[in-house]
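Reading the structure
Residue strings, one per chain:
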Amino acid sequence: MRRLLLATTLFASLAQAAEPIAIDVHRDANCGCCKDWIKHLEDNGFAVTDHVEPNMAAVKAKLGVPHRLGSCHTGVIDGKFVEGHVPAADILKLRAQPDLIGAAVPGMPMGSPGMEMGDRKDAYQVIGLNKQGRESVLNSYSGN
Ligand SMILES: [Cu+2]
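Just so you know, the residues in each chain are numbered from 1, in the order the chain's sequence is written. The predicted origin of the model limits local features to residues at a pLDDT of at least 70 and limits the giving and counting of side-chain atom pairs to 80 or more, whereas totals for whole chains, interfaces and linings rest on all residues.

The protein is annotated in an unreviewed UniProt entry as DUF411 domain-containing protein of Stutzerimonas nitrititolerans.

Pasting the structure below:
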């Protein structure tokens, strides 16, 4: 009986750990790399609500994404923006920092999630933005 209870408890906590993380993604209808990024998120435990938008510039302006940090798609999680090809692990970092209003991988660097091009890798950084408009480096990836 005791063993059964333990097994049940263990199963319950595992199920909880596997709970998907909800994120909204706004993208243009014809954006292929956006779909590949969504796939990357889903493969890493996110539940994506996909929004096809006629005007991404308007969406970015509304969500407070600065022009200099712009990329293709824009995600929203816990009210924070996730701009461009941000790796799933760095979205978790963003969530853990209450002072940040968003994170971005500006442009479309080769080798970032959803931008795989064989072995080609650009160096890129994940930039965090705080309420005061100050940027910080959340993570750095090296190129080849
Ligand atoms: Cu892209």
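Moving on: the nonpolar core. As used throughout, a nonpolar core is a set of buried Ala, Val, Leu, Ile, Met, Phe, Trp, Tyr and Cys residues joined through C-beta atoms within 7 Å of each other. We call a residue exposed when 12 or fewer other C-beta atoms sit within 10 Å of its C-beta, buried when the count reaches 20 or more, and partly exposed for counts in between; the C-beta positions come from the backbone. One finds Val 82, Val 86, Leu 94, Ala 103, Ala 104, Val 126 and Ile 127 to be the most contacted residues of the largest nonpolar core, which totals 22 residues. Of all the elements in the fold, those that place two or more residues in this core are β1 (21–27), α2 (32–43), β4 (80–84), α4 (88–95), β5 (100–105) and β6 (124–130). For every residue pair, C-beta atoms are placed from the backbone, and the pair is scored as a contact if these atoms sit within 7 Å. What Ala 103 contacts, discounting residues up to four positions off in sequence, is Val 82, Val 86, Asp 90, Leu 94, Val 126, Ile 127, Gly 128 and Leu 138. Secondary structure counts use DSSP, requiring at least four H or I residues in a row for a helix and at least two E residues in a row for a strand, with both numbered from the N terminus.

Turning next to the sheet that holds β1. With respect to topology, seven strands assemble into an open sheet ordered β2-β1-β3-β4-β5-β6-β7, the strand pairing being mixed. Unpaired on one side and paired on the other, β2 (46–52) and β7 (135–141) mark the two borders of the sheet. Each strand axis lies, on average, 20° off the axis of its neighbour in the sheet, ignoring direction. At least two bridges found by DSSP between two strands is the condition for calling them paired. The sheet contact formed by β4 and β5 spans four bridges and is parallel. Following the sheet pairing, Phe 81 is matched in β5 by Gly 102. Contacting β1 and β2, α2 crosses the sheet at an angle of about 160° to β2. Across the sheet, helix α3 (residues 56–63) lies against β1, β3 (74–77) and β4, angled at about 35° from β3, the strand it touches most. Angular values range over 0 to 180 degrees, each being the angle between N-to-C directions of two axes fitted as lines to C-alpha atoms, with helices fitted over their stretch in contact.

This next bit is on unusual backbone geometry. For Asp 78, which is not glycine, the phi torsion reads 50° and is therefore positive. Its location among the elements puts Asp 78 in the loop between β3 and β4.

Within the secondary structure layout, Met 56 lies in helix α3. Using a count of 19 C-beta atoms within 10 Å as the deciding quantity, one classes Met 56 as partly exposed. The spacing of Met 56 and Thr 74 is 18 residues in sequence and 8.2 Å in space, taken between C-alpha atoms. Not counting the four nearest positions on each side in its chain, Met 56 is found in contact with His 26, Asp 28 and Thr 74.

Asp 90, Ile 91 and Leu 94 are the residues of α4 that are buried. All buried residues of α4 fall inside an arc of 110° around its axis, so they share one side. Elements that come into contact with the buried residues of α4 comprise β3, β4, β5, β6 and β7. This arc corresponds to the set of directions leading from the helix axis out to the C-beta atoms.

Note on placement: Gly 143 falls in the segment after β7. With 11 C-beta atoms packed within 10 Å, Gly 143 lands in the exposed category. Between the alpha carbons of Gly 143 and Asp 119 there is a distance of 9.9 Å; along the sequence they are 24 residues apart. Setting aside its immediate chain neighbours within four residues, Gly 143 contacts Lys 121, Asp 122 and Ala 123.

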